[in-house]
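Here are the chains, one letter per residue:
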Amino acid sequence: MSSSQALSRNTILDSVRANQPAAQSMPTIPHFHTNNPTDLVATFCESIARMAGVVVTDHVPDLDSFLRTKFPNAKVICSAIPEYGGTTQPASLNHWSEASTIDVCILRSPMGVAETGSILLSDIELQVNTIAFLAHDLMVLLDTKQIVANIHDAYQHTYFNLRPYSVLMTGPSGSGDIGGIVVHPAQGVRSLTVLLSPAPDAGQRTG
Amino acid sequence: MSRPVDQAKNAETFLADTVHEQRLDELLWAMRMRRDAAARQVPEWEELRTLASEIKEHTLSNLSQYLIQFEARATANGMIVHWARDAHEHNQIVYDILAEQGIDALIKSKSMLTEECELRPFLERRGIRVTETDLGERIQQLDNQPPGHIIGPSIHKTTKDVAVLFSQKYGSDPNNEDAAYLAGVMRENTRPDILKAHAGMTGANFVVAETGAIVVATNEGNADLSAHTSPLHICSVGIEKIIPTRESLAVFIRLLTRSATGDTITQYTSTFRGPRKGATMHVILVDNGRSARLGMKRFWHSLKCIRCAACMNTCPVYRRSGGLSYGSTYMGPIGIIMMPTFEIRKYSELPFASTLNGSCTNVCPVKIDIHEQIYGWREVMEENGQIQVVKKEAMRVADAQPSDPLPDRHGHTVNRTGSPSPLRHLQPLECMGQAPGCPGSHNRNIS
């Protein structure tokens, strides 16, 4: 740290110490589980739908034909899951901005949140973080056993303590900045589809 | 010395334009209604507000320790932590980081702190091109206007305004007012700048001391995009944004978006704990008057603010005046209790832009006693001789008002002598459902 930075740091901390009010105690934070919904999967589906996300609850036997049907114009299908090849993989991208060339990216999320309809992604699943916002459309697999009740539970996930980047994604990007009318997409992904699908191997991904 | 901002006069100009005034009022009131509906869906809502208030008061009263904890954790995570005493030092740090690498273009997501520091003009004067990635902020940048609202910077503009602006700046169809079309125009025109950017900048909604993490909430995904498309991420943070733990973060995330727009969460709620591989991440902890405000016995609670704008959406003066009328970085109820701490004379009139109906306090997710602080600032202005003679006289007359003022045919309140109250802009414009002593419901029709 330069001497001028050390001076600034000390000046600010001295001023804070001199001015901060008498110490007040930290409250105990409950997780409010008594108010949990009885059906986490149904609540998750309702919550994400409110945020313009799409949930596929039917069993999908053939992922490739499903993707081809849902995204008939997609040329670049990037797979970030081992059980499906796609036309490319995140590791093939030469530059982080190249994620913008992806039509559809398929990933698996380690956690869903019923309260908000969010799915968790981190640099582990994404491999190239920009996929979360530069790819055109996202298809995210989620095991219903990995849906937690609320945001209190969600922030207990180890990713928030371990990973450089983690995001709770809830529907496609959107904006209400033009005349207060909510539109999708804004600058991020155009669509977010969650496909409820059991994890092929519970030990496959670690965090 | 700056002349005081005449908010009332600016508001009169805005009110004369009935199209914009009515549209803004409708939009903001609809947000307030959505906020109410969202709050009602959460049985523990009031408990969450109490917790949020207590967590903030605990953190602010132990702020030095949490700042040091954050610095240590963030550094261990690979971030480079800077300290800025004021706006100039903040801006200089950003410039030096960019200049050292020969970077002359920056993409940035919306950050009220960078507005407060006037970063953009600072960088542009030094030859650095800045592209805002938040749609509303970019609209305001293209129109050479500051934000009119802290979460919806261009909310005072109609779709027609935006269509005309984009046609001038981007050559799009001036007659196509479809919001999806216009958002597409912006996406097409800003993506090239974003993809070739060498540096990106964000603010922060929360800073978690325990994990050394920055948390940013956007609907557009533009903070993530600004942070990670390029190999250099600079993050500016006010020192009051610190919270202790991930556990406490959950309380604020549950309150923030519900209070702001009535949604349960933003589309992207992102945690940056360190640079991605091969990249650099700088965090600038900014004081700029905050530590001094911490010592103001009557006003330090305003540092609890999480910038949700619920107080603005519910405020009858803000909804009818427009954010630009305040002539300040922060506007509405939270703005009028924060701005005098930056420059007391310039913002000496702002505490009078309120009906003191208490609705702001009632919707605040961190329980800031906003309307009481507004009253407190009026007293400070009086004690410091900042109130103009005419305003003093107006206050004297208001004190003499009967408790049941009669409406005149224009809807203005009148005193017993029949003359319009000189303080009519300070009279309650309407009864707010949650205001103390005001149990009635709002009777406007919002489609």
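Going along each chain's sequence as written, the residues are numbered from 1 onward. Numbering of ligands from 1 and lettering of chains from A proceed in the order in which they are written. Thresholds applied to this predicted model are a pLDDT of at least 70 for local features of residues and 80 or more for the giving and counting of side-chain atom pairs; totals over whole chains, interfaces and linings are not thresholded and use all residues.

**Quick look at the overall build of chain B**
This is how the line gets drawn: Here a helix means four or more residues in a row that DSSP labels H or I, a strand means two or more in a row labelled E, and each is numbered from the N terminus. What counts as a contact here is a pair of residues whose C-beta atoms, placed from the backbone, lie within 7 Å.
Summing up its helical and strand segments, chain B has 19 helices and 12 strands in all. A fraction of 72% describes how many contacts in chain B between residues 6 or more apart in sequence connect residues 24 or more apart.

**A closer look at the overall build of chain A**
Applied cut-off: Whether a residue is buried, exposed or partly exposed is read from the other C-beta atoms within 10 Å of its own C-beta, which are placed from the backbone; 20 or more gives buried, 12 or fewer gives exposed, and intermediate counts give partly exposed.
Check the secondary structure of chain A and you find seven helices and nine strands. Across its three principal directions, the C-alpha atoms of chain A cover 65 × 45 × 45 Å. Looking at chain A residue by residue over its 207 residues, the buried ones come to 50%. Long-range contacts, defined as pairs at least 24 residues apart, comprise 73% of the intrachain contacts of chain A with a sequence gap of at least 6.

**Things to note about the packing of helix α1 (residues 3–19) of chain A against helix α4 (residues 63–76) of chain B**
Spelled out, the test is: Axis geometry follows a simple rule: fit a line to the C-alpha atoms, using only the stretch in contact for helices, then measure angles between N-to-C directions, giving values from 0 to 180 degrees. Here is the rule for angles: anything less than 35 degrees is roughly parallel, anything more than 145 is roughly antiparallel, 65 through 115 is roughly perpendicular, and the remaining ranges are oblique.
At a minimum axis distance of 8 Å, the contact between α1 of chain A and α4 of chain B shows a crossing angle of 150°. Relative to α4 of chain B, the element α1 of chain A lies roughly antiparallel. Between α1 of chain A and α4 of chain B, the residues in contact are L13, V16 and R17 of chain A and L63, S64 and L67 of chain B, respectively.

**A look at the environment of T314 of chain B**
Residues and elements named next belong to chain B. Mapped onto the elements of the fold, T314 is located in helix α14 (residues 310–314). You can call T314 buried: it has 30 C-beta atoms within 10 Å. As a C-alpha pair, T314 and A30 span 284 residues in sequence and 9.6 Å in three-dimensional space.

**Side note on the interface of chain B and chain A**
How we decide: We treat two strands as partners when DSSP finds at least two bridges between them.
With 73 residues of chain B at the contact, the number on the chain A side is 64 residues. It is helix α12 (residues 246–260) of chain B that provides the largest number of residues to the side of chain B that touches chain A, a total of eight residues. With five bridges joining them, strand β8 (residues 165–169) of chain A and strand β9 (residues 268–272) of chain B adopt antiparallel strand pairing. In the sheet register, L168 of chain A faces β9 of chain B, and the bridge partner there is T269 of chain B.

**What about the confidence of the model for chain A?**
Low pLDDT means the predicted coordinates in that region are not meant to be read closely. Threshold: Here pLDDT means the predictor's own confidence in every residue, given as a number from 0 to 100.
For chain A, the mean per-residue pLDDT works out to 94, and 97% of the residues sit at or above 70. A low-confidence stretch, residues 203–207 of chain A (pLDDT under 50), is modelled with nine contacts involving residues beyond four sequence positions or located in other chains.

**A word on the domain arrangement of chain B**
All names here are of chain B. Selection criterion: Note: domain ranges come from an automatic or database domain assignment. Residues are sorted three ways: Asp, Glu, Lys and Arg are charged, Ala, Val, Leu, Ile, Met, Phe, Trp, Tyr, Cys and Pro are nonpolar, and all the rest, Gly among them, are polar.
Here the domain parsing of chain B yields domain 1 (7–41 + 291–426) and domain 2 (45–288). A straight line from the C-alpha centre of domain 1 to that of domain 2 covers 27 Å. In this complex, domain 1 contributes 31 residues to the contact, which on the side of domain 2 involves 33 residues. Tallying contributions element by element places helix α2 (residues 18–40) first for the side of domain 1 that touches domain 2, with 11 residues. A per-class count over the side of domain 1 that touches domain 2 returns 20 nonpolar, five polar and six charged.

**Concerning the nonpolar core**
What counts here: A set of buried residues drawn from Ala, Val, Leu, Ile, Met, Phe, Trp, Tyr and Cys, joined through C-beta atoms within 7 Å, is what defines a nonpolar core.
Judged by nonpolar contacts, the single largest core of 159 residues is most densely connected at C105 and I131 of chain A together with I214, F252, V283 and L285 of chain B. Among the elements that make up this core, the one with the highest residue count is α12 of chain B (eight residues). There are two domains that each give this core at least three residues, and those are domain 1 (7–41 + 291–426) and domain 2 (45–288) of chain B. Ignoring sequence-local partners within four residues, the contact set of I131 of chain A consists of C78, P90, A99, I102, C105 and L126 of chain A.

**Notes on unusual backbone geometry**
In this structure, P185 of chain A follows H184 of chain A across a cis peptide bond, with omega equal to 0°. Mapped onto the elements of the fold, P185 of chain A is located in the loop between β8 and β9 (191–196). Despite not being glycine, F32 of chain A shows a phi value in the positive range, around 55°. Here the phi dihedral of R307 of chain B falls at roughly 60°; this positive angle occurs in a residue that is not glycine. With respect to the helices and strands, R307 of chain B occurs in the loop between α13 (290–294) and α14. Exposure remark for R307 of chain B: the 19 C-beta atoms within 10 Å place this residue in the partly exposed category.

**Some words on the environment of Q187 of chain A**
Looking at the element boundaries, Q187 of chain A is found in the loop between β8 and β9. Judged by local crowding, Q187 of chain A falls into the buried class, with 30 C-beta atoms found within 10 Å. Once the C-alpha coordinates of Q187 of chain A and L134 of chain A are considered, the two residues, 53 residues apart in sequence, prove to be 8.0 Å apart. What Q187 of chain A contacts, discounting residues up to four positions off in sequence, is F133 and S173 of chain A together with T133, R187, E220, G221, N222 and L225 of chain B.

**Re the sheet that holds strand β4 (residues 112–113) of chain A**
Strand order in the open sheet made by the eight strands is β7(A)-β4(A)-β5(A)-β8(A)-β9(B)-β6(B)-β5(B)-β8(B), with mixed pairing throughout. Among the strands making up the open sheet, the edge pair consists of β7 (147–148) of chain A together with β8 (242–243) of chain B. Where strand β6 (residues 213–218) of chain B lies against β9 of chain B, five bridges are found, and the strand directions are antiparallel. Its bridge partner lying in β9 of chain B, V216 of chain B is registered against S270 of chain B.

**Considerations on helix α3 (residues 45–61) of chain B**
Residue and element names in this part refer to chain B. Applicable threshold: To estimate how far a helix should reach, multiply one less than its number of residues by 1.5 Å.
Taking 1.5 Å as the rise per residue, α3 with 17 residues should run 24 Å; its terminal C-alpha atoms sit 24 Å apart, in good agreement. Of all the residues in α3, the buried ones are L48, R49, L51, A52, S53, E54, I55, K56, E57, T59 and L60. Summarising the contacts, the buried residues of α3 are in contact with α4, β8, α12 and α13.

**Considerations on the packing of helix α16 (residues 332–342) of chain B against helix α18 (residues 370–383) of chain B**
All names here are of chain B. Threshold: Working rule for handedness: look at the near helix, and if it is turned counterclockwise from the far one by less than a right angle, call the crossing left-handed; if clockwise, right-handed.
Close contact between α16 and α18 brings their axes to 9 Å; oriented N to C, the two are set at 40°. Viewed along their axes, α16 and α18 adopt a mutual orientation that is oblique. Relative to α18, α16 is oriented so that their crossing is left-handed. In this structure, α16 uses P333, I334, I336, I337 and P340 to contact α18, whose residues at the interface are I370, Q373, I374 and W377. Here the residues of the contact of α16 with α18 sort into eight nonpolar, one polar and no charged.

**As for the sheet that holds strand β4 (residues 200–202) of chain B**
Residue and element names in this part refer to chain B. Read from one edge to the other, the open sheet built from six strands follows the order β1-β10-β7-β4-β2-β3, with strand pairing classed as parallel. Looking at the sheet topology across the chains shown, the edges are occupied by β1 (80–84) and β3 (129–132). For this sheet the average axis-to-axis angle between neighbouring strands, irrespective of direction, equals 25°. Across seven bridges, strand β7 (residues 232–238) lies against strand β10 (residues 280–286) in parallel orientation. For C235, the partnering residue across the bridge sits in β10 and is V283.

**Comments concerning α12 of chain B**
All names here are of chain B. Between the first and last C-alpha of α12 there are 21 Å, a value that for 15 residues agrees with the 21 Å anticipated at 1.5 Å per step. Where burial is concerned, most of α12 is hidden: 14 out of the 15 residues are buried. Once α12 ends, the next one or two residues include G262, with phi positive near 90°.

**A word on the confidence of the model for chain B**
Residue and element names in this part refer to chain B. Averaged over every residue, the pLDDT of chain B is 89; the share at 70 or more is 86%. Counting contacts from residues 402–447, a segment whose pLDDT is below 50, to residues more than four positions away or on other chains yields 65 contacts. If you check the scores for this complex, the pTM reads 0.91 and the ipTM reads 0.96.

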